[in-house]
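Fold and contact review
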Amino acid sequence: MVRRHLHISQQQESSGYVGAMVNGLLSLFFLWVVLIVLQIVAMCKVFTKAGKPWWSAIIPFYNVYTLYEITFGNGWYFLMLFLPFANVVMSIVSMVRLSRLFGKSNGFAVGLVLLNFVFMLILGFGDSTFVAPESYDNKQVVTIAVVVFVGYILFSILTGLASCSVATSSMF
């Protein structure tokens, strides 16, 4: 009789752990949804300030196209996000350019890179105004991104060759 009581107590204890885990996961999911909504609202405001339609912030891929259209003058540069390592370079350069187009400092650009949803809210709801450049000079950015991507390919080839030579030498 005592054993049965302990067994029920252990089941109740384990269900308490499961309930706590589910509660924690639901809290994280709610926080995630709130951050996504804040990011969309911030992008709507930034796009409106830049003269783009607010609704372009809620359409996946088109919102990145619009952001790159604002920062580079040509939205098709977002396709470089599909290149390994070049995507990191393009994202950082895009945030730096966005901060400069709104008259912000390099420190603000670092904030855009590291805490994007907070600094996009500041950019969208703040008093900064968008100043469109007369022309976009993208040759340097494209060159850097291509060099980074080619370096990645060469690094991959060299590490692949090195691992093949190690595997071959260990066989004999």
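Attention in this report is confined to the structure presented alongside it. (Residues numbered from 1 in each chain as written. Predicted model: local features only at pLDDT ≥ 70, side-chain atom pairs only at ≥ 80, totals over all residues. Heavy atoms only, no water.)

**Describing unusual backbone geometry**
Located in the positive-phi region is phenylalanine 61, a residue other than glycine, with phi close to 70 degrees. Mapped onto the elements, phenylalanine 61 comes out in the loop between α1 (2-49) and α2 (62-72). Exposure remark for phenylalanine 61: the relative accessible area of 55% places this residue in the exposed category. We note that phenylalanine 85 has phi near 65 degrees; this positive angle belongs to a residue other than glycine. The topology assignment puts phenylalanine 85 in the loop between α2 and α3 (86-101). Taking the relative accessible area as the measure of exposure, phenylalanine 85 reaches 49% and is therefore partly exposed. (Helix = DSSP H or I, 4+ residues; strand = E, 2+ residues; numbered from the N terminus. Buried < 20%, exposed > 50% of the residue type's maximum accessible area, 1.4 Å probe, protein only.)

**Here we look at α2**
α2 sits mainly inside the fold: 8 of its 11 residues count as buried. Buried within α2 are the following residues: Asn63, Tyr65, Thr66, Leu67, Tyr68, Ile70, Thr71 and Phe72. One or two residues past the end of α2 sits glycine 73, with phi positive at roughly 85 degrees.

**Some remarks on the packing of aromatic side chains**
In total, this model carries 12 aromatic pairs according to the counting rule given. Between tryptophan 55 and tyrosine 62 the ring centres are 5.9 Å apart and the planes differ by 10 degrees, which places this aromatic pair in the stacked class. What makes tryptophan 55 partly exposed here is its relative accessible area of 39%. Considering the side-chain rings of tyrosine 62 and tyrosine 65, the 5.8 Å spacing of their centres and the 15 degrees angle between planes classify their relative orientation as stacked. Here tyrosine 62 and its partner tyrosine 65 are both found in helix α2, 3 residues apart, which amounts to about one turn of the helix. Overall, tyrosine 62 belongs to the partly exposed group, its relative accessible area being 31%. Overall, tyrosine 65 belongs to the buried group, its relative accessible area being 17%. Grouped by ring-pair contacts, the aromatic residues Trp55, Tyr62, Tyr65, Trp76 and Phe78 constitute a single cluster. Above the ring of phenylalanine 108, the side-chain terminus of lysine 104 is found at 5.3 Å from the ring centroid. (Phe/Tyr/Trp six-rings, centres within 6.5 Å; stacked < 30°, edge-to-face > 60°. Lys NZ or Arg CZ within 6 Å of the ring centre and 35° of its normal.)

**Things to note about helix α5 (residues 116-125)**
Buried within α5 are the following residues: Phe119, Met120, Leu123 and Gly124. For α5, the angular spread of the buried residues around the axis is 140 degrees, confining them to a single face. (Arc of directions from axis to C-beta.)

**Some thoughts on the pattern of salt bridges**
This structure, assessed with the given rule, holds 1 salt bridge. For glutamate 69, the salt bridge identified is with lysine 52, shortest N-O distance 3.5 Å. Of this pair, glutamate 69 sits in helix α2 while lysine 52 sits in the loop between α1 and α2, and the two are 17 residues apart along the sequence. Under the relative-accessibility criterion, lysine 52 is labelled partly exposed at 26%. (Salt bridge = Lys/Arg side-chain N within 4 Å of Asp/Glu carboxyl O.)

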